[in-house]
Structures are given as C-alpha cells and as structure tokens.
Amino acid sequence: MEPRNQRRGGLGWFGQAVSGVLLLILLGLHMIAHHFVVEGGLRTYQDVLNYIRQPLVATVELIFLVVVSFHAMLGLRAVLFDLGLNTVQEKWVTRGVTILGMVMVAYGIWLTITLVSQV
Amino acid sequence: MMWTITLKIARYKPGEPARTDTFQVSIDPERTVLDSIEKIWAEQDRSLVFRHACHHASCGSCAMVVNGVEILPCIKLIKDVTKPGGTLIIEPLHNFPVISDLVVDMGPFFERMQIVKMPIVGPADPLPNQEPNEYNRFDDCIECGMCLSACPVVATDSKYLGPAALAAAYQILSSGDGNLSAQAWEAVDGEHGLWRCHVAFECSAVCPSNVDPAGKIMALRRRMTVERIRHLLGLGSSKKKREK
Amino acid sequence: MPPVDSTSESKAYPGQSGRLPRRQVWRWFAFAKRSLGTWGFVLNRVAGLGLVVYLMLHLVVLSLLTRGPDGYNAFVALAHNPIFLLLDVVLIAGIIGHGLNGLRVALIGSGILVRWQHQMLIVLGVLGVVLLAIAAFLVFRI
Ligand code: SF4
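Cut-off values and rules
- Residues numbered from 1 in each chain as written.
- Chains lettered and ligands numbered in written order.
- Predicted model: local features only at pLDDT ≥ 70, side-chain atom pairs only at ≥ 80, totals over all residues.
- Heavy atoms only, no water.
- Helix = DSSP H or I, 4+ residues; strand = E, 2+ residues; numbered from the N terminus.
- Contact = heavy atoms within 4.5 Å.
- Areas by Shrake-Rupley, 256 points an atom, 1.4 Å probe, with all protein chains shown as cover.
- Buried < 20%, exposed > 50% of the residue type's maximum accessible area, 1.4 Å probe, protein only.
- Near = heavy atom within 4 Å.
- Nonpolar A, V, L, I, M, F, W, Y, C, P; charged D, E, K, R; others polar.
- Buried area = accessible area lost by both parts, 1.4 Å probe.
- Salt bridge = Lys/Arg side-chain N within 4 Å of Asp/Glu carboxyl O.
- Polar contact = N/O pair within 3.5 Å; in protein donor to acceptor, adjacent residues only side chain to side chain.
- Pairing = 2+ DSSP bridges.
- Axes fitted to C-alpha atoms, helices over the stretch in contact; angles between N-to-C directions.
- Phe/Tyr/Trp six-rings, centres within 6.5 Å; stacked < 30°, edge-to-face > 60°.
- Lys NZ or Arg CZ within 6 Å of the ring centre and 35° of its normal.
- Expected span 1.5 Å × (residues − 1).

### Points about the overall build of chain B
Okay, so step 1: Helix and strand counts for chain B come out as nine helices and seven strands.
Okay, so step 2: Long-range contacts, defined here as pairs at least 24 residues apart, represent 59% of the contacts in chain B between residues at least 6 apart.
Okay, so step 3: Carbon and sulfur atoms provide 52% of the accessible area of chain B, an area that totals close to 10,400 Å².

Written out as structure tokens, the structure reads:
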C-alpha cells in the first residue's frame, strides 16, 4: 500500500468503533451501578458522596467520562463533516470538538475532586 | 386492460422556477414507467425532457426517482410501482445538478469515477471474443448514478467519493496486481473517502445491477482495518501477500 | 466536487451546467421510502445527537451536587415525577438503540457479517425491544 502518513481518514472511524464497544461495557456498568441497583433509582446526596469516594468507583467513572466525551465529540465531528465542509471549517470543527471534549473531562475531574473533598 | 394513472413530473428549465406538472395517461400496466413518460411526451407535452437509450437496463441513462426511490424506468413495470388510478411522483436523480426536467448532469458521477481511474481500467478478465489485455469496464456497473442519488451522505457532502467510485476502487485493488495512484488513495482513504459511509446500504438497495457498492465499501474497510491493526501490532503491511 | 486534492478547496466541478444541487440535510432523515439500512442510519444519527445533548445536560445537572444536599435532593425528588420517568425510558431507548445498532455498524464496518446486515438489524431490534421493556419495568417499579 501507499505510505499511510497523510491518510488519516480511517482513524476517526476506528476510534469511534473502539470507544463505542468500550461504552457498551462502561455505560452498562454506569446504568446498573447508578440506577438499577439503587433503591429509588437515584442516589441521594449523601449516597453519591459516599459512593464516589471509593477510589475504584471514581476511577471507573472518570474513565467512563473520558471515553464517552471522546465518542460524543468524535460523533459530533463526523456529523458535521458529513455536511461537506471546506478544509478551514473542518479544522475549526476539529478544534471546537477537541476543546469541548477537554472542557467536559476537566469539569468532570473538578467535580469529582470537589465532591471527594467535601465534608 | 388499461390503467389510468397520474404522473406528477418535476419540471425545470434553466432560468425558470422549478414546478411540478400533472399528467394523466392511460396505459397497459404491463408496460414500463419509461413507456408512460414517452407516451406523455408523444401525446401531451413535447417539451418534456428526459433521457434514455437502450430501454433494457444496460445503458443506465434513464435513471430517475419515482415515488421517492431511484429506479430504472425502462425496466420498471407500471403494475409494480402503482395501482389502477394511482399516482407516480417523478423526479430527476437527487444530488446531481438538473439540466432540464428529468435530465441531470452526470458530471459529479464521472468526475468521481475518474479519480479512481474508472470506468476504463485494465486489464480485466477478458470477455468471450475479447483479446486478453483489452480494457474492460468495471464489473456490472452501468454508470446510472442511482447510488449517488440514494446516498444520504452524498446529499450533504459533495466531496464524498461515494458508492460507485469506492466500489470501483475495491474492484481495482482486488484485480490481480491492481493498485491505486497516490491521489486516488488520498481520495479513497481520506476524510471524504470510504470512512464517510454510515452504512445505510441505500446504494446497494437501489443499484439495478447488483454491484453492491456498500458491500464493496465494507470489504475495503476490512482491508484497511486489518492493515491498521497489523500496523499497530508492528507486523508490517500485508503488501507481500498481495504481490504474490 | 470530489477531493482530487483534499487540501484544496472544493469547487463545483469544471464545466458544470444547470443548477448545482444544494446541501440537503433533511435527506439524512428521509427514511420513509428507504431500506432498513437507512432506518438504522437515521436511528443512530437521531439517537446519537440526542445523547450528546443529554450528556451535556447530565453533566450540568451534576453540578447541583456542589450546592450541598438541599439542591441535589430536591432534584432527586423531582426526578421521581412520572414525566421524568417517561423521559428516562426515552433516554434508555436511545441508549439501547444507538448502542446495539452501533455495534452492528462497527461489525459491518470492519467487514464482519456484512451480508447479514438486514437480519442483524432485525435480531438486534428484537433484543433492543426486550431490553427496553425490562428497563421500563425497572424504571416504573421504582
Ligand atoms: S454502482 Fe450500481 S447504482 Fe451505482 S452507478 Fe453503478 S450500476 Fe448504478
């Protein structure tokens, strides 16, 4: 095959497929742990705090947040690229979703730290 | 037996606003949709512009959209698309510039094919009575453009290489020592190449010639994915295998 | 037109005549006359966009947690309202639809089971409905 270096078209698709499969697992866990096994379907304030303070739970939740943000932003990018944008617009879309994704993850980390350190 | 049916035909002449004209025609339901359009042209409106040649699904030039789906009107029987007293809504192919009425400019189709160096590639398997090494057309594709019309991605992304050309690329790659030019690779494996496909499979659903473009796109992707995984695992490219 | 050189701006191809087709976003969603594959495509697109919006809302709502027990527990109480529960079922439907169909798209897109794409949609559709029914039961039992 020809040198691959300039051909990155497939990377997005590949990332989307892999993160999608991961999400089937992570989101399944998230739904069960947060809603289906919980009395009343939603944890109350104190329960959330107790729950998120377990290191394993916090780690899994943050991994989930990273994967879900990645998948969501890559998906959004794909939908926008389907509009047949020009190269400048494409660049801005890629930048935009990257920043938005990073903001989401940063917010999640901040929220977790805030909650864990709350008395 | 004759059926009376209504045809609502999209009309457009350069410089005039688009409109829809309604015609009634009495026709044997065993006849084709193209027959009914020709009848209207012969008996009611000589300014109706449509394109056809072979009348038997080998030239692909009459393709149009009837009741929301791409068909070849030359082989579609009236009885298969409507009922007595029924209505046919007839439009030119989507996603192509309209020249007049039902005739579209096929430029977007052939430009795409040109990128992957189709329709003329060679040497392909010779047909009976054909000298080996004579150039041959891409498999069964009759270059009707219906796949481009049906594709939801082509509807918004005019840069998308689209079903027929991607199927052609697959065809080239899987025929003997065929390979694509760097430029063609860029188009096939780039942002607006085979990864833009979202698996609606509409091209394969409408293709009158069993090219199965979507199936070919997926086969191409499998090839690329295997290649990528091999690359990630440091196994190198599978080029050697292909060269054998 | 097509990306002869993907770095250059796309232009209408040379020598075009007649009207250029406009970008027609509504065709993404024009599935009525189309095949099952298109139904899957529309499902994935609608559910995917919906889930992105939901994800944002979800994250924003979680910020209530920083306002202490009162704010958050009030929200929890509100969320037990039947209308919210119904929305939960819609959300779960979107997740199941997007997830199962996404799995199908990933398989087909890797060249696996391509010939069975219609059948897969039907089988996964049935599975999805069963899962949704179970989920809806659990949501309303609460
Ligand atoms: S691939 Fe099929 S639908 Fe597309 S142009 Fe060729 S014959 Fe027509």
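### Quick notes on the overall build of chain C
Okay, so step 1: The number of helices and strands found in chain C is four helices and zero strands.
Okay, so step 2: Along its sequence from the N terminus, chain C presents helices and strands in the succession α-α-α-α.
Okay, so step 3: Within chain C, the fraction of its 142 residues that count as buried is 38%.
Okay, so step 4: For chain C, the proportion of contacts with a sequence separation of at least 24, taken over those separated by at least 6, is 57%.
Okay, so step 5: Carbon and sulfur atoms provide 73% of the accessible area of chain C, an area that totals close to 8,000 Å².

### Some remarks on the site of the ligand
Okay, so step 1: Taken together, 13 residues sit near the ligand, with B:C141, B:C144, B:G145, B:C147 and B:C207 positioned nearest.
Okay, so step 2: Along the lines of polarity and charge, the residues of the shell around the ligand split into ten nonpolar, two polar and one charged.

### A closer look at the interface of chain C and chain B
Okay, so step 1: Facing 36 residues of chain C, the contacting portion of chain B comprises 41 residues.
Okay, so step 2: Both sides of the chain C and chain B interface together cover about 3,300 Å² of buried area, and 58% of this is carbon and sulfur.
Okay, so step 3: Counting across the chain C and chain B interface gives two salt bridges.
Okay, so step 4: Of the charged contacts, one joins B:E70 and C:R34 as a salt bridge, the two residues approaching to 2.7 Å between their closest N and O atoms.
Okay, so step 5: Where chain C packs against chain B, one counts eleven residue pairs in polar contact (both at pLDDT 80 or more).
Okay, so step 6: Residue classes in the side of chain C that touches chain B are distributed as 14 nonpolar, 14 polar and eight charged.

### Comments concerning the sheet that holds strand β5 (residues 87-91) of chain B
Strands pair in a sheet through their backbones, by hydrogen bonds, and they do so in one of two ways: parallel or antiparallel.
All names here are of chain B.
Okay, so step 1: Strand order in the open sheet formed by five strands is β2-β1-β5-β3-β4, with mixed pairing between adjacent strands. In this open sheet, the two edge strands, each paired with only one partner strand, are β2 (19-27) and β4 (69-71). The mean angle between the axes of side-by-side strands here comes to 30°, regardless of whether they run parallel or antiparallel.
Okay, so step 2: The strands touched by helix α1 (residues 33-43) within the sheet are β1 (3-11), β2, β3 (64-66), β4 and β5, with β2 carrying the most contacts at an inclination of about 105°.

### Side note on the pairing of β5(B)
Residue and element names in this part refer to chain B.
Okay, so step 1: Residues L88 and I90 line the buried face of β5, whereas the alternating positions T87, I89 and E91 sit on a face that is not buried.
Okay, so step 2: Across four bridges, the pairing between β1 and β5 is parallel. Across the sheet, L7 pairs through a bridge with L88, a residue of β5.

### A short note on the packing of aromatic side chains
Okay, so step 1: Under the counting rule described, the total for this entry stands at six aromatic pairs over all chains.
Okay, so step 2: Ring geometry for A:Y107 versus A:W110: centroids 6.0 Å apart, planes at 35°, classification tilted. Of this pair, A:Y107 and A:W110 both sit in helix α4 (residues 87-116), three residues apart, which is roughly one turn of that helix.
Okay, so step 3: On the basis of relative accessibility, which here comes to 46%, the residue A:W110 falls in the partly exposed class.
Okay, so step 4: With a centroid separation of 5.0 Å and an interplanar angle of 85°, the aromatic rings of B:F109 and B:F110 are classed as edge-to-face.
Okay, so step 5: Given the relative accessible area of 1%, B:F109 is considered buried.
Okay, so step 6: The exposure class assigned to B:F110 is partly exposed, which follows from its relative accessible area of 36%.
Okay, so step 7: Positioned above the aromatic ring of A:F81, the side-chain terminus of A:R77 is 4.1 Å from the ring centre.
Okay, so step 8: Lying across the ring of C:W28, C:R45 places its NZ or CZ 4.5 Å from the centre.

### With respect to helix α5 (residues 163-174) of chain B
Residue and element names in this part refer to chain B.
Okay, so step 1: Helix length check: α5 (twelve residues) gives 16 Å between terminal C-alpha atoms against 16 Å at 1.5 Å per residue, within 8%.
Okay, so step 2: Most of α5 sits inside the fold, with ten of its twelve residues counted as buried.
Okay, so step 3: Listed as buried for α5 are P163, A164, A165, L166, A167, A168, A169, Q171, I172 and L173.
Okay, so step 4: Summarising the contacts, the buried residues of α5 are in contact with α3 (107-115), α4 (146-150), α6 (182-189), α7 (202-206) and α8 (213-232).

Interpretation in functional terms is not warranted from these geometric data alone.
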